[in-house]
Amino acid sequence: MRRTLTAMAGASLTQAASLAIGGILASRLLGPHDRGLMVLGATSGSIASLVAALGTSHALRARLPTLKDESSRQRLLASYTWLTVAAVVLSGTLAAVACRVCGLTIDPGLAEPSFLLAVLLVTSGQIALVQFPDTWYAAGRFRTGSTWAAAVAAGGTGGLVLAALLLDRTAWALLAGQAIGMMTLAVAQALHLRSSRLLVFAKPNRWETVRLLRSGIQSLSLTIGLALALRADRYILGGAAGADVVGVYSTAATLSEAPRVVPAALGQITYRKVTLGCETAEVDRTAFYAFLASLATGLPVAVAGWFLITPVFGSAFADAKPLLLVLLLGELLFAPFAVASRGLLGGGWVGCAGLVGASGTVAALLLYSVTAPIWGAAGAAWSSALLYGGLSVASMTVLRSRLIWQRRQAPLPDAPASSDHGLQRVPN
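Described in the following lines is the structure provided in the data block. (Residues numbered from 1 in each chain as written. Predicted model: local features only at pLDDT ≥ 70, side-chain atom pairs only at ≥ 80, totals over all residues. Heavy atoms only, no water.)

### Observations concerning the overall build of the protein
Here is step 1 of the chain: Tallying secondary structure elements over the protein gives 13 helices and 0 strands in all.
Here is step 2 of the chain: Secondary structure of the protein in N-to-C order comes out as α-α-α-α-α-α-α-α-α-α-α-α-α.
Here is step 3 of the chain: For the protein, whose C-alpha radius of gyration is 21 Å, the value lies close to the compact-globule estimate of 22 Å for 428 residues.
Here is step 4 of the chain: Along the longest, intermediate and shortest principal axes, the C-alpha atoms of the protein span 70 × 45 × 35 Å.
Here is step 5 of the chain: The proportion of buried residues among the 428 residues of the protein is 54%.
Here is step 6 of the chain: Across the protein, the fraction of contacts at a sequence separation of at least 24, relative to all contacts at a separation of at least 6, is 82%.
Here is step 7 of the chain: Looking at the protein as shown, the accessible area adds up to about 18000 Å², and 67% of this sits on carbon and sulfur atoms.
Here is step 8 of the chain: Across the protein, the mean location of the 32 positive side-chain charges is 9 Å away from that of the 18 negative side-chain charges. (Helix = DSSP H or I, 4+ residues; strand = E, 2+ residues; numbered from the N terminus. Rg over C-alpha atoms; globule rule 2.2 N^0.38 Å. Buried < 20%, exposed > 50% of the residue type's maximum accessible area, 1.4 Å probe, protein only. Contact = heavy atoms within 4.5 Å. Areas by Shrake-Rupley, 256 points an atom, 1.4 Å probe, with all protein chains shown as cover. Lys, Arg positive; Asp, Glu negative; His and termini not counted. Charge placed at Lys NZ, Arg CZ, Asp CG, Glu CD.)

Here it is, written out as structure tokens:
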């Protein structure tokens, strides 16, 4: 486990660094207004890709490890492959429509044809960050999946840099460059998946397709709820204060997300451990390690950000400094959620996970709708910290209760014909 965790943490760190570098360069090159437009476009693509995928990546991770014969695995993977292809088409359409609507309510630049084309492209690249890594994880190849996720993120940053050198330094140009870089690496990853017999273009099995969709939709409340909880602040803040404020706020938010690296890696491992059966104490210990890792990462980010934001980005981004401190507090409170949410999915408790996600969505919309119009970016930042802490408490409480219930349903040690890997799943 330690080698896997180290490899995943290293790859996740590379991915986070690539995304952070891309965000920093975009802020430096564009200024607050165009940076705000770029953030809103990328956010629309990210949420659209989650919606279009319909939670099928989580369904695959829950089902593939249970299949032992190769023919059943290939039927399942064929259905998943074609659902992913459909998600590429649907996600781009959803993202373009979302930006068109935001162009009427936030900033007309979001509805420009060139910008919509860039959003369409970057959303296709986002699918590679949603569907492909979970394919590797479902097969137990965590290091490969995390390495490819990091490579796709790095490709996006490289494309952004090339666009800045070759094209206009505008939001649509940088977004399009980022998209082309991500898609190039996504194609390479697809070829690797194909050669590993994990991307299968055979005729999809109707039953497996229905099963993937039915199981995936149940987890959609968690994935969409999490996406809205993490990104709704941008939309509501944009409507209340404009794209310039979103640009400043998102710069602080990008830097504050650095502490998520190790908790995210621990969450992926917890997913599989809960699937195979583990104790409450082990989950508690992992959540505590996630908290410590977030703290160890967040402290130097806070110090560096406080002294470097204005020299690096200019005086227009000075308001990002206090926002960074508040958002880092939120990330510290958010660390246990990275472990607990994956544990709920790994245990098959998608209904419980969905309830947590749906509650987070409602709380996010209420909090941001009240605080952003009144206190602006500061209100959104403090609402994020409160929301992140609430999500961690809720998810840890639910996961611990499920694990305790599961343990009580397990046969006693002296009972005949028992297996540690045959623990009964709790119906949702």
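### Observations regarding the nonpolar core
Here is step 1 of the chain: Membership of the largest hydrophobic core comes to 85 residues, with the highest contact counts inside it found for Met38, Phe115, Leu174, Tyr249 and Val283.
Here is step 2 of the chain: The element that contributes the greatest number of residues to this core is helix 13 (residues 350-409), accounting for 16 residues.
Here is step 3 of the chain: Leaving out residues up to four positions away in the same chain, Phe115 has contacts with Leu37, Met38, Gly41, Cys99, Gly109, Leu110, Ala171, Trp172 and Leu175.
Here is step 4 of the chain: Core analysis: the next-biggest nonpolar cluster, separate from the first, contains 21 residues, Leu60, Trp136, Ala186 and Leu212 among them. (Core = buried A, V, L, I, M, F, W, Y, C linked by side-chain atoms within 4.5 Å.)

### Some remarks on helix 8 (residues 206-241)
Here is step 1 of the chain: Along helix 8, the sharpest kink reaches roughly 50°, centred on Arg231.
Here is step 2 of the chain: Positive phi appears at Gly242, one or two residues downstream of helix 8, with a value of about 100°. (Bend = angle between axes of the 7 residues up to and from the residue.)

### A closer look at a nonpolar patch on the surface
Here is step 1 of the chain: A cluster of nonpolar residues, Ile21, Leu25, Val161, Leu162, Leu165, Leu166 and Leu167, forms a patch on the protein surface that exposes about 660 Å² of accessible area.
Here is step 2 of the chain: Looking at the nonpolar patch, the elements with two or more residues in it are helix 1 (2-53) and helix 6 (142-166).
Here is step 3 of the chain: No other element matches the 4 residues that helix 6 contributes to the nonpolar patch.
Here is step 4 of the chain: One can find Leu25 in helix 1.
Here is step 5 of the chain: Residue class for Leu25 comes out partly exposed when judged on its relative accessible area of 30%. (Patch = residues over 30% accessible without salt bridge, like charges linked within 9 Å, V, L, I, M, F, W, Y side chains within 5 Å. Salt bridge = Lys/Arg side-chain N within 4 Å of Asp/Glu carboxyl O.)

### Here's the deal with the packing of aromatic side chains
Here is step 1 of the chain: All told, the structure shown has 5 aromatic pairs when counted by the stated rule.
Here is step 2 of the chain: Each ring, one from Trp82 and one from Phe201, has its centre 5.5 Å from the other, and the planes form 85°; the classification is edge-to-face. Separated by 119 residues along the polypeptide, Trp82 in helix 3 (residues 70-105) and Phe201 in the loop between helix 7 (171-195) and helix 8 bring together distant segments of the chain.
Here is step 3 of the chain: Take Trp82: its relative accessible area is 35%, and that puts it in the partly exposed class.
Here is step 4 of the chain: Between Phe334 and Phe337, the aromatic rings sit 5.1 Å apart at their centres with planes inclined by 20°, giving stacked as the arrangement. You can see Phe334 and its partner Phe337 sitting in helix 12 (residues 320-346), 3 residues apart, about one turn around the helix. (Phe/Tyr/Trp six-rings, centres within 6.5 Å; stacked < 30°, edge-to-face > 60°.)

### A few points about the layout of surface pockets
Here is step 1 of the chain: Space inside the largest pocket adds up to approximately 280 Å³.
Here is step 2 of the chain: Mapped onto the lining of the largest pocket, the elements with two or more residues apiece are helix 3, helix 4 (113-130) and helix 7.
Here is step 3 of the chain: The residue inventory of the lining of the largest pocket, partitioned by class, reads 11 nonpolar, 3 polar and no charged. (1 Å grid on protein atoms, 1.4 Å probe; cavity = no way out; pocket = protein on both sides within 12 Å on 5 of 7 lines; lining within 4 Å. Points joined across faces, edges and corners; volume = space filled by probe spheres on them. Nonpolar A, V, L, I, M, F, W, Y, C, P; charged D, E, K, R; others polar.)

### A closer look at the side chain of Asp107
Here is step 1 of the chain: Mapped onto the elements of the fold, Asp107 is located in the loop between helix 3 and helix 4.
Here is step 2 of the chain: A polar contact is formed between the side chain of Asp107 and the side chain of His33, at a distance of 2.8 Å.
Here is step 3 of the chain: Within the structure, Asp107 has its side chain in polar contact with the backbone nitrogen of Gly109 (distance 2.8 Å).
Here is step 4 of the chain: Asp107 has contacts with His33, Leu37, Cys102 and Ala243, leaving out every residue within four places of it along the chain. (Polar contact = N/O pair within 3.5 Å; in protein donor to acceptor, adjacent residues only side chain to side chain.)

### Here's the deal with the packing of helix 8 against helix 9 (residues 243-256)
Here is step 1 of the chain: One way to put it is that helix 8 packs onto helix 9 with a least axis distance of 9 Å and a crossing angle of 150°. In this view, helix 8 runs roughly antiparallel relative to helix 9, as classed from their interaxial angle. Once helix 8 is placed against helix 9, the crossing between them reads as right-handed. Residues Asp233, Arg234, Leu237, Gly238 and Ala241 of helix 8 pack against Val245, Val246, Tyr249 and Ala253 of helix 9. (Axes fitted to C-alpha atoms, helices over the stretch in contact; angles between N-to-C directions. Parallel < 35°, antiparallel > 145°, perpendicular 65-115°, else oblique. Left-handed = near helix turned anticlockwise from the far one by under 90°.)

### What to know about the environment of Thr147
Here is step 1 of the chain: Following the sequence through the fold, Thr147 ends up in helix 6.
Here is step 2 of the chain: Thr147 sits in the partly exposed class, given a relative accessible area of 47%.
Here is step 3 of the chain: For the pair Thr147 and Phe132, spaced 15 residues apart in the sequence, the C-alpha separation amounts to 11 Å.

This is a description of form; function is not addressed.
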